Amino acid sequence: MSNIKGAIFDLDGTLLDSMDVWSQVDIEFLGKREIEVPDDYSKIIAPMTFREVAEYTIERFDLDETPEDIMEEWNLMAEQKYANDVMLKPGALEVLNLLKNNNVKLGIATTNISRVFKACLERLNIYDMFEVITETDNVGVAKDKPDIYLMTAEKLGVAPGECAVFEDIVMALNSAKAGGFMTFGVWDEFGWAKVDRDAFLSASDFPLFSWEDTMQIFVEKFGLDASCFCNDSK
């Protein structure tokens, strides 16, 4: 039976049901500039750092704006929605509680920034559950490399082989796998995992189509004790 000492979670599309927020931001932002969102835009920018997305957007659409101005506009658009509207995916809280009750160290690895997501995690009463939060901007590279997962695991004090990474993007799952982590692919109907189901399955050591699947895997395959589990979501 494998041992698990740490778990690293992506936020958007994985723990948080927030993909519609960023889709709407894209529509509103480009719409103000009389540009329709290209079909491939969200897929291309998904693993990038926040600054890389701004730089890519400027270059692709030939915008006469600075990355700082664009990032500020995006932040203002997203902050209120995260603070008031974004929720956890159904069943995610139960998994976090199960892991905490079994002394598994929890971390976050996200392309988002704390200015946007912190108020959301505090409202959902899960912010203090995580020992480490790492943003791609802290690392300086996007999720097409395993650096953010390696940094988070090091801060948690766990080896990659004893740490699970939860992601909804195939490129990020492949990066985590290359870094030696156990990969849990979280299928998101409104995200980008659905673009290539076969690639999603190949990148996932444990493909998940609901958070309830995760509970079963941790209990049956990793031997976590669910008897002490308290469902704080009720």
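Structure: see above.
An account of the accompanying structure is given in this report.

Conventions we followed
Residues numbered from 1 in each chain as written. Predicted model: local features only at pLDDT ≥ 70, side-chain atom pairs only at ≥ 80, totals over all residues. Heavy atoms only, no water. Salt bridge = Lys/Arg side-chain N within 4 Å of Asp/Glu carboxyl O. Helix = DSSP H or I, 4+ residues; strand = E, 2+ residues; numbered from the N terminus. Buried < 20%, exposed > 50% of the residue type's maximum accessible area, 1.4 Å probe, protein only. Phe/Tyr/Trp six-rings, centres within 6.5 Å; stacked < 30°, edge-to-face > 60°. Lys NZ or Arg CZ within 6 Å of the ring centre and 35° of its normal.

Considerations on the pattern of salt bridges
Thinking step 1. Throughout the structure, instances matching the rule amount to 14 salt bridges.
Thinking step 2. Where Lys5 meets Glu162, a salt bridge forms, and the shortest distance between an N and an O atom there is 3.6 Å. Residue Lys5 is located in the segment before strand 1 (6–9), and its partner Glu162 is located in the loop between helix 8 (147–156) and strand 4 (163–167); the two are separated by 157 residues in the primary sequence.
Thinking step 3. Under the relative-accessibility criterion, Lys5 is labelled partly exposed at 39%.
Thinking step 4. With relative accessibility at 25%, the residue Glu162 sits in the partly exposed group.
Thinking step 5. Lys143 serves as the salt-bridge partner of Glu167, at 2.6 Å between the closest nitrogen and oxygen. Of the two residues, Glu167 is situated in strand 4 and Lys143 in the loop between helix 7 (136–139) and helix 8; the sequence distance between them amounts to 24 residues.

Things to note about the packing of aromatic side chains
Thinking step 1. Here the structure, examined in full by the defined rule, presents 21 aromatic pairs.
Thinking step 2. Summarising the aromatic geometry, the rings of Phe9 and Phe166 are spaced 4.4 Å apart at their centres and angled 10 degrees between planes, so their arrangement reads as stacked. Placement of the pair is Phe9 in strand 1 and Phe166 in strand 4, with a sequence separation of 157 residues.
Thinking step 3. An aromatic cluster of three or more residues is present, and its members are Phe9, Phe130, Phe166, Phe184, Phe206, Trp211, Phe218 and Phe222.
Thinking step 4. Across from the ring centre of Phe29, 3.7 Å away, lies the NZ or CZ of Arg33, which sits over that ring.

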